[in-house]
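Commentary on secondary and tertiary structure
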Amino acid sequence: MLKYMILSITALMLLGGCATKEPEPVLVVAEVEKPKPVYVAPKRGKVPPLPKREKDIDVDSAVDNAMAGL
């Protein structure tokens, strides 16, 4: 099975022209140093004021008063 796989890959390379092409010279590309990106903090908006506190209700005394009224 490995034999047929190698033969089929070789045939595809020959038909595609990969095996008959001469190797092209390797081009050396000089790398240009890119400047590092500078972090810019996003501008922050105004914080809305906190809502007014609700009055604390004493639930236990309200339940006791309601039960006493019955």
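Scope of this entry: the structure provided in the associated data block. Within every chain, residues take consecutive numbers counted from 1 along the sequence as written. Note on the predicted model: pLDDT of at least 70 is required for a residue's local features to be given, and 80 or more for side-chain atom pairs to be given and counted; whole-chain, interface and lining totals, by contrast, use all residues. Heavy atoms from the whole structure form the basis of all side-chain values; hydrogens and water molecules are not counted.

**Considering the overall build of the chain**
Here is the rule we go by: Helix numbering and strand numbering both begin at the N terminus, where a helix is a DSSP run of H or I of at least 4 residues and a strand a DSSP run of E of at least 2. Under the scheme applied here, a residue whose accessible area is under 20% of the maximum for its type counts as buried, over 50% as exposed, and between as partly exposed, the area being computed with a 1.4 Å probe on protein chains only. Surface accessibility in these figures is a Shrake-Rupley result with a 1.4 Å probe; residues are shielded only by whichever protein chains are displayed.
In terms of regular secondary structure, the chain is built from two helices and zero strands. Out of the 70 residues belonging to the chain, those deemed buried represent 1%. On the chain, roughly 8,400 Å² of surface is accessible, and the fraction owed to carbon and sulfur atoms is 64%.

**With respect to a nonpolar patch on the surface**
So the rule is basically this: Exposure above 30% relative accessible area and the lack of any salt bridge qualify a residue for a patch; like charges then connect within 9 Å, and the nonpolar side chains Val, Leu, Ile, Met, Phe, Trp and Tyr within 5 Å. Salt bridge, as used here: a side-chain nitrogen of Lys or Arg that lies within 4 Å of a carboxyl oxygen of Asp or Glu.
Together, Met-1, Leu-2, Met-5, Ile-6, Ile-9 and Met-13 make up a nonpolar patch on the protein surface, roughly 660 Å² of accessible area in all. Turning to its location among the elements, Ile-6 is positioned in helix 1 (residues 2-16).

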